[in-house]
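Each chain, letter by letter, is given below.
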Amino acid sequence: MDCFYAQVERKRLGLSPEVPLCVFQWDSVLAVSYEARAFGIKRGEAPKEVKVKCPDCVLVHVETVDVHGNRTNVSELDISAEAACARASNTVCLDRYRQESELIFRILSRFADCVERCSIDEAFIELTDIVDDFDEAIRLTQRIRECIYSELGYTMQAQRTNRTNCTAIPWSETRALLAKIQIARVRGLGGKFGAELQRRFHVETLADLSCLSLSALRDAYEPSTAEWLFWLARGYDPSRVEPRDCPRSLLAAKSFAPIENWVEAQRILTLLAARLDYRIEQDTKKHHRRPRTLCISFTCSANGMQGDRFHHMSRSGVFPASTKETRVNAIAASTEKLLRSARSGFRFPCTRFMLEATNFQAVAIGANSIRHYLGMQAKRSHKTQPFDAQSAESECQSGTIRDRAAVAAGFTSQQIATGPENIAIVCTTNSIAGASSVFDVAPWKRQCVGESRTPRSPCITSYFSQPRRPETR
(Lines give C-alpha, C1' and ligand atoms only; values in the text may rest on other atoms or scores of the structure.)
Protein backbone atom coordinates (compact mmCIF):
# COMPACT_ATOMS: atom_id res chain seq x y z
CA MET A 1 0.00 0.00 0.00
CA ASP A 2 1.14 3.56 -0.70
CA CYS A 3 2.06 5.39 2.55
CA PHE A 4 -0.53 3.25 4.29
CA TYR A 5 -0.71 4.98 7.68
CA ALA A 6 -0.97 8.37 5.95
CA GLN A 7 -3.77 7.10 3.70
CA VAL A 8 -5.74 5.79 6.66
CA GLU A 9 -5.44 9.09 8.53
CA ARG A 10 -6.33 11.12 5.43
CA LYS A 11 -9.49 9.05 4.98
CA ARG A 12 -10.39 9.26 8.68
CA LEU A 13 -9.92 13.05 8.81
CA GLY A 14 -11.51 13.68 5.40
CA LEU A 15 -8.51 15.60 4.08
CA SER A 16 -8.03 16.54 0.45
CA PRO A 17 -5.48 14.44 -1.52
CA GLU A 18 -3.43 17.57 -2.17
CA VAL A 19 -2.78 18.27 1.52
CA PRO A 20 0.71 17.13 2.68
CA LEU A 21 0.38 14.80 5.67
CA CYS A 22 2.74 12.96 8.02
CA VAL A 23 2.01 10.38 10.70
CA PHE A 24 4.42 10.43 13.60
CA GLN A 25 5.07 8.58 16.84
CA TRP A 26 6.35 10.71 19.71
CA ASP A 27 9.37 12.43 18.14
CA SER A 28 9.77 10.48 14.89
CA VAL A 29 7.85 10.43 11.59
CA LEU A 30 6.47 7.02 10.60
CA ALA A 31 4.71 7.71 7.30
CA VAL A 32 5.08 10.50 4.76
CA SER A 33 2.55 11.14 2.00
CA TYR A 34 3.81 11.76 -1.55
CA GLU A 35 2.67 15.37 -1.25
CA ALA A 36 4.87 15.83 1.84
CA ARG A 37 7.82 14.08 0.19
CA ALA A 38 7.86 16.81 -2.43
CA PHE A 39 9.15 19.13 0.35
CA GLY A 40 12.06 16.79 1.16
CA ILE A 41 10.43 15.27 4.24
CA LYS A 42 11.64 11.75 5.10
CA ARG A 43 10.77 9.05 7.59
CA GLY A 44 12.53 9.31 10.93
CA GLU A 45 12.63 13.09 11.02
CA ALA A 46 11.39 15.01 14.05
CA PRO A 47 8.02 16.82 13.83
CA LYS A 48 9.76 20.16 14.35
CA GLU A 49 11.95 19.52 11.31
CA VAL A 50 8.85 18.68 9.28
CA LYS A 51 7.25 22.01 10.19
CA VAL A 52 10.37 23.86 9.12
CA LYS A 53 10.33 22.22 5.68
CA CYS A 54 6.56 22.46 5.23
CA PRO A 55 4.59 24.71 7.62
CA ASP A 56 1.28 23.59 6.07
CA CYS A 57 1.97 19.86 6.58
CA VAL A 58 -0.65 18.14 8.73
CA LEU A 59 0.93 16.13 11.56
CA VAL A 60 -1.11 13.27 13.03
CA HIS A 61 0.12 11.26 15.99
CA VAL A 62 -0.77 7.57 16.11
CA GLU A 63 -3.37 6.58 18.66
CA THR A 64 -2.08 5.72 22.15
CA VAL A 65 -3.52 3.59 24.95
CA ASP A 66 -2.87 3.36 28.71
CA VAL A 67 -2.71 0.32 30.98
CA HIS A 68 -6.51 0.35 31.44
CA GLY A 69 -7.20 0.38 27.70
CA ASN A 70 -8.21 4.04 27.56
CA ARG A 71 -7.31 5.52 24.17
CA THR A 72 -6.03 9.04 23.73
CA ASN A 73 -5.09 11.08 20.69
CA VAL A 74 -1.95 13.19 20.79
CA SER A 75 -2.71 16.03 18.42
CA GLU A 76 -0.40 18.31 16.45
CA LEU A 77 -0.56 20.89 19.25
CA ASP A 78 0.62 18.37 21.85
CA ILE A 79 4.07 17.79 20.43
CA SER A 80 5.79 19.11 23.56
CA ALA A 81 4.36 18.97 27.08
CA GLU A 82 1.26 16.76 26.81
CA ALA A 83 2.95 14.36 24.42
CA ALA A 84 5.81 13.89 26.86
CA CYS A 85 3.34 13.14 29.64
CA ALA A 86 1.42 10.67 27.50
CA ARG A 87 4.61 8.99 26.38
CA ALA A 88 5.46 8.10 29.98
CA SER A 89 2.12 6.41 30.72
CA ASN A 90 0.85 5.22 27.30
CA THR A 91 1.95 2.94 24.52
CA VAL A 92 1.21 3.13 20.81
CA CYS A 93 -2.00 1.56 19.47
CA LEU A 94 -2.15 0.62 15.77
CA ASP A 95 -5.64 -0.90 15.80
CA ARG A 96 -7.15 1.57 13.31
CA TYR A 97 -4.51 0.58 10.74
CA ARG A 98 -4.94 -3.13 11.44
CA GLN A 99 -8.70 -2.86 10.94
CA GLU A 100 -8.27 -1.22 7.55
CA SER A 101 -5.64 -3.81 6.66
CA GLU A 102 -8.15 -6.59 7.34
CA LEU A 103 -10.57 -5.03 4.84
CA ILE A 104 -7.84 -4.92 2.21
CA PHE A 105 -6.86 -8.55 2.74
CA ARG A 106 -10.48 -9.61 2.41
CA ILE A 107 -10.52 -8.09 -1.05
CA LEU A 108 -7.25 -9.82 -1.96
CA SER A 109 -8.71 -13.16 -0.91
CA ARG A 110 -11.55 -12.73 -3.40
CA PHE A 111 -9.11 -12.88 -6.30
CA ALA A 112 -6.69 -15.57 -5.10
CA ASP A 113 -6.61 -18.38 -2.56
CA CYS A 114 -2.85 -18.16 -2.04
CA VAL A 115 -2.21 -14.82 -0.29
CA GLU A 116 0.79 -14.56 2.03
CA ARG A 117 0.61 -11.71 4.52
CA CYS A 118 4.05 -10.13 5.00
CA SER A 119 3.10 -7.15 7.15
CA ILE A 120 0.19 -4.85 7.86
CA ASP A 121 0.38 -3.39 4.32
CA GLU A 122 2.35 -5.92 2.23
CA ALA A 123 1.50 -9.28 0.69
CA PHE A 124 2.59 -11.85 -1.87
CA ILE A 125 -0.11 -13.26 -4.16
CA GLU A 126 0.41 -16.45 -6.16
CA LEU A 127 -1.25 -16.13 -9.59
CA THR A 128 0.35 -19.06 -11.42
CA ASP A 129 -2.72 -21.30 -11.26
CA ILE A 130 -5.12 -18.43 -11.97
CA VAL A 131 -3.72 -16.76 -15.08
CA ASP A 132 -2.23 -18.11 -18.30
CA ASP A 133 0.23 -15.36 -19.26
CA PHE A 134 1.74 -12.03 -18.29
CA ASP A 135 -0.99 -9.99 -19.96
CA GLU A 136 -3.70 -11.70 -17.98
CA ALA A 137 -1.68 -11.25 -14.78
CA ILE A 138 -1.39 -7.53 -15.42
CA ARG A 139 -5.13 -7.21 -16.04
CA LEU A 140 -5.93 -9.13 -12.87
CA THR A 141 -3.55 -7.01 -10.79
CA GLN A 142 -5.14 -3.87 -12.19
CA ARG A 143 -8.59 -5.18 -11.25
CA ILE A 144 -7.40 -5.75 -7.68
CA ARG A 145 -6.09 -2.20 -7.46
CA GLU A 146 -9.30 -0.74 -8.88
CA CYS A 147 -11.43 -2.79 -6.49
CA ILE A 148 -9.48 -1.63 -3.41
CA TYR A 149 -9.67 1.98 -4.54
CA SER A 150 -13.39 1.92 -5.36
CA GLU A 151 -14.42 0.17 -2.13
CA LEU A 152 -11.94 1.60 0.38
CA GLY A 153 -10.41 4.63 -1.32
CA TYR A 154 -6.82 3.41 -0.97
CA THR A 155 -4.16 3.33 -3.69
CA MET A 156 -1.63 0.52 -3.96
CA GLN A 157 1.42 -0.43 -5.97
CA ALA A 158 2.41 -3.68 -7.64
CA GLN A 159 5.99 -3.39 -6.36
CA ARG A 160 8.48 -0.76 -5.25
CA THR A 161 10.31 -0.17 -8.52
CA ASN A 162 7.37 1.42 -10.32
CA ARG A 163 5.01 3.16 -7.90
CA THR A 164 2.64 4.58 -10.51
CA ASN A 165 1.41 1.46 -12.25
CA CYS A 166 1.62 -2.32 -12.43
CA THR A 167 4.96 -3.62 -13.63
CA ALA A 168 5.56 -6.95 -15.34
CA ILE A 169 9.18 -8.06 -15.39
CA PRO A 170 10.04 -10.62 -18.10
CA TRP A 171 12.90 -12.97 -17.31
CA SER A 172 15.02 -11.40 -20.07
CA GLU A 173 14.93 -8.03 -18.26
CA THR A 174 15.79 -9.37 -14.82
CA ARG A 175 19.53 -8.71 -14.83
CA ALA A 176 19.15 -5.14 -16.09
CA LEU A 177 16.65 -4.41 -13.31
CA LEU A 178 18.69 -6.05 -10.54
CA ALA A 179 21.82 -4.14 -11.54
CA LYS A 180 20.25 -1.00 -10.08
CA ILE A 181 19.06 -2.47 -6.78
CA GLN A 182 21.15 -1.87 -3.66
CA ILE A 183 21.94 -4.84 -1.40
CA ALA A 184 20.30 -3.14 1.61
CA ARG A 185 16.96 -2.88 -0.26
CA VAL A 186 16.70 -6.62 -0.89
CA ARG A 187 14.33 -8.60 1.28
CA GLY A 188 16.43 -10.48 3.85
CA LEU A 189 19.57 -8.37 3.33
CA GLY A 190 18.55 -5.11 4.97
CA GLY A 191 20.04 -5.85 8.39
CA LYS A 192 23.34 -6.97 9.89
CA PHE A 193 23.73 -9.91 7.53
CA GLY A 194 23.45 -7.69 4.46
CA ALA A 195 25.93 -5.19 5.91
CA GLU A 196 28.39 -7.98 6.67
CA LEU A 197 27.97 -9.33 3.14
CA GLN A 198 28.82 -5.94 1.66
CA ARG A 199 31.91 -5.54 3.83
CA ARG A 200 33.24 -9.02 3.13
CA PHE A 201 32.88 -9.00 -0.66
CA HIS A 202 32.83 -5.24 -1.35
CA VAL A 203 29.48 -5.46 -3.19
CA GLU A 204 26.91 -2.68 -3.46
CA THR A 205 24.23 -3.99 -5.82
CA LEU A 206 22.77 -7.35 -6.79
CA ALA A 207 24.67 -7.07 -10.06
CA ASP A 208 27.91 -7.00 -8.03
CA LEU A 209 26.73 -9.99 -6.02
CA SER A 210 25.99 -11.95 -9.21
CA CYS A 211 29.68 -11.71 -10.16
CA LEU A 212 30.60 -13.93 -7.20
CA SER A 213 30.95 -17.64 -7.85
CA LEU A 214 29.04 -20.26 -5.92
CA SER A 215 32.28 -21.70 -4.53
CA ALA A 216 33.31 -18.30 -3.16
CA LEU A 217 29.99 -17.96 -1.35
CA ARG A 218 30.24 -21.51 0.00
CA ASP A 219 33.64 -20.73 1.47
CA ALA A 220 32.05 -17.93 3.49
CA TYR A 221 28.60 -19.29 4.40
CA GLU A 222 26.65 -22.47 4.88
CA PRO A 223 25.72 -24.30 1.65
CA SER A 224 22.02 -23.37 1.89
CA THR A 225 22.81 -19.69 2.51
CA ALA A 226 25.39 -19.62 -0.28
CA GLU A 227 22.97 -21.13 -2.81
CA TRP A 228 20.23 -18.72 -1.73
CA LEU A 229 22.53 -15.72 -2.32
CA PHE A 230 23.77 -17.13 -5.61
CA TRP A 231 20.30 -17.51 -7.11
CA LEU A 232 18.88 -14.39 -5.47
CA ALA A 233 21.48 -12.29 -7.29
CA ARG A 234 20.14 -13.75 -10.55
CA GLY A 235 16.53 -12.99 -9.82
CA TYR A 236 15.44 -16.46 -8.75
CA ASP A 237 13.88 -17.31 -5.38
CA PRO A 238 12.87 -20.98 -4.92
CA SER A 239 10.66 -20.31 -1.89
CA ARG A 240 6.95 -20.72 -2.43
CA VAL A 241 4.16 -18.31 -1.60
CA GLU A 242 2.54 -19.85 1.47
CA PRO A 243 -1.07 -18.96 2.28
CA ARG A 244 -1.08 -17.04 5.56
CA ASP A 245 -3.87 -14.83 6.78
CA CYS A 246 -2.72 -14.37 10.37
CA PRO A 247 0.46 -12.91 11.85
CA ARG A 248 3.17 -15.24 13.10
CA SER A 249 3.57 -13.26 16.30
CA LEU A 250 1.84 -10.55 18.33
CA LEU A 251 3.92 -7.68 19.67
CA ALA A 252 3.74 -4.91 22.23
CA ALA A 253 6.78 -2.60 22.37
CA LYS A 254 7.81 0.67 23.93
CA SER A 255 10.94 2.84 23.81
CA PHE A 256 11.56 5.25 26.67
CA ALA A 257 14.10 7.44 28.38
CA PRO A 258 16.70 5.37 30.28
CA ILE A 259 15.30 3.82 33.47
CA GLU A 260 17.46 2.58 36.32
CA ASN A 261 15.25 0.66 38.76
CA TRP A 262 12.78 -2.22 38.88
CA VAL A 263 9.85 -0.03 39.92
CA GLU A 264 9.88 1.75 36.56
CA ALA A 265 10.57 -1.50 34.72
CA GLN A 266 7.56 -3.19 36.36
CA ARG A 267 5.29 -0.28 35.44
CA ILE A 268 6.29 -0.48 31.77
CA LEU A 269 6.08 -4.28 31.69
CA THR A 270 2.54 -4.12 33.10
CA LEU A 271 1.57 -1.56 30.46
CA LEU A 272 2.93 -3.77 27.66
CA ALA A 273 1.40 -6.90 29.20
CA ALA A 274 -2.04 -5.27 29.14
CA ARG A 275 -1.59 -4.32 25.52
CA LEU A 276 -0.33 -7.77 24.55
CA ASP A 277 -3.19 -9.45 26.39
CA TYR A 278 -5.70 -7.30 24.46
CA ARG A 279 -4.12 -8.27 21.15
CA ILE A 280 -4.10 -11.97 22.09
CA GLU A 281 -7.76 -11.80 23.04
CA GLN A 282 -8.68 -10.23 19.69
CA ASP A 283 -6.52 -12.73 17.82
CA THR A 284 -8.10 -15.69 19.62
CA LYS A 285 -11.60 -14.56 18.63
CA LYS A 286 -10.59 -14.37 14.99
CA HIS A 287 -8.08 -17.18 14.50
CA HIS A 288 -9.02 -19.51 17.40
CA ARG A 289 -5.50 -20.02 18.73
CA ARG A 290 -3.43 -19.24 21.81
CA PRO A 291 0.33 -18.60 22.13
CA ARG A 292 2.64 -21.09 23.81
CA THR A 293 5.82 -18.97 23.94
CA LEU A 294 6.42 -15.58 25.52
CA CYS A 295 9.50 -13.62 24.48
CA ILE A 296 10.91 -10.35 25.77
CA SER A 297 13.44 -8.27 23.84
CA PHE A 298 15.24 -5.39 25.51
CA THR A 299 17.82 -2.71 24.94
CA CYS A 300 20.08 -2.11 27.92
CA SER A 301 23.49 -0.83 28.84
CA ALA A 302 26.41 -3.06 27.91
CA ASN A 303 28.61 -1.67 30.71
CA GLY A 304 26.37 -1.27 33.71
CA MET A 305 24.97 1.89 35.24
CA GLN A 306 27.74 4.16 33.94
CA GLY A 307 27.88 2.71 30.44
CA ASP A 308 27.00 4.71 27.36
CA ARG A 309 26.92 1.75 24.96
CA PHE A 310 23.67 -0.22 24.56
CA HIS A 311 23.02 -3.66 23.17
CA HIS A 312 19.91 -5.62 22.17
CA MET A 313 19.05 -9.04 23.56
CA SER A 314 16.01 -11.30 23.92
CA ARG A 315 14.89 -14.19 26.10
CA SER A 316 11.90 -16.51 25.81
CA GLY A 317 9.93 -18.90 28.00
CA VAL A 318 6.62 -20.71 28.31
CA PHE A 319 3.57 -18.50 28.03
CA PRO A 320 1.97 -18.38 31.50
CA ALA A 321 -1.29 -20.19 32.15
CA SER A 322 -3.79 -18.03 34.03
CA THR A 323 -7.37 -16.89 34.21
CA LYS A 324 -8.68 -13.92 32.28
CA GLU A 325 -8.65 -11.76 35.40
CA THR A 326 -5.00 -12.49 36.28
CA ARG A 327 -3.52 -12.82 32.79
CA VAL A 328 -2.01 -9.33 32.61
CA ASN A 329 -0.20 -9.73 35.94
CA ALA A 330 0.93 -13.22 34.94
CA ILE A 331 2.45 -11.95 31.68
CA ALA A 332 4.19 -9.09 33.46
CA ALA A 333 5.53 -11.40 36.17
CA SER A 334 6.80 -13.93 33.61
CA THR A 335 8.66 -11.29 31.64
CA GLU A 336 10.19 -9.86 34.79
CA LYS A 337 11.33 -13.36 35.76
CA LEU A 338 12.99 -13.76 32.37
CA LEU A 339 14.80 -10.45 32.86
CA ARG A 340 15.96 -11.31 36.36
CA SER A 341 17.33 -14.72 35.38
CA ALA A 342 21.10 -14.96 35.57
CA ARG A 343 21.50 -15.81 31.88
CA SER A 344 19.41 -12.93 30.58
CA GLY A 345 22.26 -10.42 30.53
CA PHE A 346 19.84 -7.67 31.54
CA ARG A 347 21.12 -4.64 33.43
CA PHE A 348 20.12 -1.04 34.02
CA PRO A 349 19.82 1.48 32.49
CA CYS A 350 17.32 0.19 29.93
CA THR A 351 15.68 2.05 27.03
CA ARG A 352 13.32 -0.42 25.34
CA PHE A 353 11.09 -3.42 26.00
CA MET A 354 9.22 -5.55 23.47
CA LEU A 355 6.90 -8.41 24.45
CA GLU A 356 6.12 -11.04 21.85
CA ALA A 357 3.58 -13.88 21.86
CA THR A 358 4.34 -16.62 19.36
CA ASN A 359 4.31 -20.39 18.70
CA PHE A 360 0.52 -20.57 18.48
CA GLN A 361 -1.65 -23.60 19.14
CA ALA A 362 -5.20 -24.03 17.88
CA VAL A 363 -7.99 -24.00 20.46
CA ALA A 364 -11.44 -25.51 20.16
CA ILE A 365 -14.46 -23.24 19.75
CA GLY A 366 -18.21 -23.53 19.77
CA ALA A 367 -19.50 -27.09 19.97
CA ASN A 368 -15.95 -28.45 20.39
CA SER A 369 -14.83 -26.18 23.20
CA ILE A 370 -14.13 -27.33 26.75
CA ARG A 371 -16.73 -24.91 28.08
CA HIS A 372 -19.37 -26.39 25.78
CA TYR A 373 -18.34 -29.92 26.76
CA LEU A 374 -18.61 -29.17 30.47
CA GLY A 375 -21.96 -27.51 29.86
CA MET A 376 -23.27 -30.57 28.05
CA GLN A 377 -22.03 -32.84 30.83
CA ALA A 378 -23.91 -30.74 33.38
CA LYS A 379 -27.09 -30.98 31.33
CA ARG A 380 -26.74 -34.74 30.98
CA SER A 381 -26.18 -35.27 34.70
CA HIS A 382 -29.18 -33.05 35.46
CA LYS A 383 -31.45 -35.03 33.13
CA THR A 384 -30.29 -38.50 34.21
CA GLN A 385 -32.75 -40.17 36.55
CA PRO A 386 -31.63 -43.10 38.76
CA PHE A 387 -33.52 -46.40 38.39
CA ASP A 388 -33.04 -49.90 39.71
CA ALA A 389 -32.68 -53.14 37.76
CA GLN A 390 -36.16 -54.46 38.60
CA SER A 391 -38.00 -51.37 37.36
CA ALA A 392 -35.77 -51.22 34.29
CA GLU A 393 -36.59 -54.81 33.39
CA SER A 394 -40.28 -54.13 33.94
CA GLU A 395 -40.22 -51.09 31.68
CA CYS A 396 -38.26 -53.01 29.07
CA GLN A 397 -40.89 -55.75 28.93
CA SER A 398 -43.67 -53.18 28.63
CA GLY A 399 -41.91 -51.51 25.73
CA THR A 400 -41.37 -48.13 27.41
CA ILE A 401 -37.58 -48.20 27.22
CA ARG A 402 -37.69 -49.81 23.81
CA ASP A 403 -39.83 -47.02 22.36
CA ARG A 404 -37.82 -44.32 24.12
CA ALA A 405 -34.53 -45.72 22.80
CA ALA A 406 -35.96 -46.13 19.33
CA VAL A 407 -37.07 -42.52 19.17
CA ALA A 408 -33.66 -41.37 20.41
CA ALA A 409 -31.99 -43.49 17.73
CA GLY A 410 -34.07 -41.87 15.02
CA PHE A 411 -36.46 -44.72 14.10
CA THR A 412 -39.85 -43.96 12.56
CA SER A 413 -43.13 -44.94 14.15
CA GLN A 414 -43.49 -47.73 11.60
CA GLN A 415 -40.07 -49.15 12.51
CA ILE A 416 -40.95 -48.99 16.19
CA ALA A 417 -44.16 -50.89 15.56
CA THR A 418 -42.35 -53.67 13.71
CA GLY A 419 -39.74 -53.84 16.47
CA PRO A 420 -36.44 -54.06 14.59
CA GLU A 421 -33.72 -56.20 16.08
CA ASN A 422 -31.41 -53.38 17.09
CA ILE A 423 -34.14 -51.76 19.17
CA ALA A 424 -34.32 -54.95 21.19
CA ILE A 425 -30.56 -54.87 21.62
CA VAL A 426 -30.77 -51.32 22.97
CA CYS A 427 -33.51 -52.42 25.30
CA THR A 428 -31.50 -55.35 26.59
CA THR A 429 -28.38 -53.25 27.00
CA ASN A 430 -30.23 -50.68 29.07
CA SER A 431 -31.53 -53.39 31.35
CA ILE A 432 -28.14 -55.02 31.86
CA ALA A 433 -26.39 -51.73 32.36
CA GLY A 434 -28.88 -50.72 35.00
CA ALA A 435 -28.69 -54.09 36.76
CA SER A 436 -24.95 -54.38 37.16
CA SER A 437 -21.97 -52.08 37.61
CA VAL A 438 -19.45 -54.35 35.87
CA PHE A 439 -20.19 -52.72 32.52
CA ASP A 440 -18.20 -49.58 33.27
CA VAL A 441 -17.44 -47.76 30.04
CA ALA A 442 -15.02 -45.22 31.52
CA PRO A 443 -11.94 -47.51 31.89
CA TRP A 444 -12.32 -48.79 28.35
CA LYS A 445 -12.52 -45.23 27.06
CA ARG A 446 -9.37 -44.33 28.97
CA GLN A 447 -7.52 -47.29 27.47
CA CYS A 448 -8.48 -46.00 24.04
CA VAL A 449 -6.74 -42.67 24.76
CA GLY A 450 -10.00 -40.83 25.10
CA GLU A 451 -11.24 -41.71 21.63
CA SER A 452 -14.91 -42.69 21.47
CA ARG A 453 -15.95 -45.42 19.07
CA THR A 454 -18.73 -44.88 16.55
CA PRO A 455 -21.14 -47.84 16.52
CA ARG A 456 -22.21 -49.14 13.15
CA SER A 457 -25.85 -49.30 14.24
CA PRO A 458 -27.79 -46.62 16.09
CA CYS A 459 -27.41 -48.48 19.40
CA ILE A 460 -24.80 -48.35 22.14
CA THR A 461 -24.05 -52.06 22.54
CA SER A 462 -20.54 -51.77 21.11
CA TYR A 463 -19.39 -49.85 24.21
CA PHE A 464 -20.31 -52.75 26.49
CA SER A 465 -19.03 -55.54 24.29
CA GLN A 466 -15.40 -54.42 24.09
CA PRO A 467 -12.73 -56.43 25.96
CA ARG A 468 -11.02 -54.50 28.73
CA ARG A 469 -7.48 -55.25 27.62
CA PRO A 470 -4.57 -52.86 28.23
CA GLU A 471 -3.33 -53.24 24.68
CA THR A 472 -6.60 -51.97 23.20
CA ARG A 473 -5.85 -48.88 21.13
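The notes below deal with the structure included here. Bear in mind the structure is a predicted one, so any value in this text is a computation, not a measurement.

## Observations concerning the sheet that holds strand β9 (residues 250–259)
Pairing is antiparallel in the open sheet, where 4 strands are placed in the order β9-β12-β10-β11. Unpaired on one side and paired on the other, β9 and β11 (310–318) mark the two borders of the sheet. In this sheet, adjacent strand axes meet at a mean angle of 20 degrees when their direction is disregarded. Pairing geometry for β9 and strand β12 (residues 350–362), over 7 bridges, is antiparallel. Opposite Ala-252, over in β12, you have Leu-355 as the bridge partner.

## As for the packing of aromatic side chains
For any pair of aromatic rings, the description rests on two quantities: the centre-to-centre distance and the angle between the ring planes. In the structure shown here, the tally under the stated rule is 13 aromatic pairs. Ring geometry for Tyr-5 versus Tyr-97: centroids 4.2 Å apart, planes at 10 degrees, classification stacked. A residue pair is termed long-range when its members are at least 10 positions apart, and Tyr-5 in helix α1 (residues 4–13) and Tyr-97 in helix α5 (residues 95–111) qualify at 92 residues. Across this residue pair, the class does not change: Tyr-5 and Tyr-97 are buried. Ring plane angle 80 degrees and centroid distance 5.2 Å describe the contact between Trp-262 and Phe-348, whose orientation is recorded as edge-to-face. Pair noted here: Trp-262 is in helix α12 (residues 262–287) and Phe-348 is in the loop between α13 (327–340) and β12, with a separation of 86 residues, a long-range link. For Trp-262, a relative accessible area of 22% corresponds to the partly exposed category.

## Thoughts on the sheet that holds strand β6 (residues 91–92)
Strand order in this open sheet of 3 strands is β5-β4-β6, and the pairing throughout is antiparallel. Edge positions in the sheet fall to β5 (71–72) and β6, since each has one partner strand and no second. The pairing of strand β4 (residues 64–65) with β5 spans 2 bridges and is antiparallel. Directly across from Thr-64, in β5, lies its bridge partner Thr-72.

## Some remarks on the pattern of salt bridges
Within the structure shown, the criterion is met by 21 salt bridges. Arg-218 is the salt-bridge partner of Glu-227, the closest N and O atoms lying 3.0 Å from each other. The exposure class of Glu-227 is partly exposed, given its relative accessible area of 35%. We classify Arg-218 as partly exposed; its relative accessible area is 42%.

## As for the packing of α1 against α5
Closest axis-to-axis distance for the α1/α5 pair is 10 Å, and the angle between their directions is 100 degrees. Looking at the two axes, α1 sits roughly perpendicular to α5. Contacts from Phe-4, Tyr-5, Val-8, Glu-9, Lys-11 and Arg-12 in α1 reach Arg-96, Tyr-97, Glu-100, Ser-101 and Ile-104 in α5.

Cut-offs applied
- Residues numbered from 1 in each chain as written.
- Predicted model: local features only at pLDDT ≥ 70, side-chain atom pairs only at ≥ 80, totals over all residues.
- Heavy atoms only, no water.
- Pairing = 2+ DSSP bridges.
- Helix = DSSP H or I, 4+ residues; strand = E, 2+ residues; numbered from the N terminus.
- Axes fitted to C-alpha atoms, helices over the stretch in contact; angles between N-to-C directions.
- Phe/Tyr/Trp six-rings, centres within 6.5 Å; stacked < 30°, edge-to-face > 60°.
- Buried < 20%, exposed > 50% of the residue type's maximum accessible area, 1.4 Å probe, protein only.
- Salt bridge = Lys/Arg side-chain N within 4 Å of Asp/Glu carboxyl O.
- Parallel < 35°, antiparallel > 145°, perpendicular 65-115°, else oblique.
- Contact = heavy atoms within 4.5 Å.

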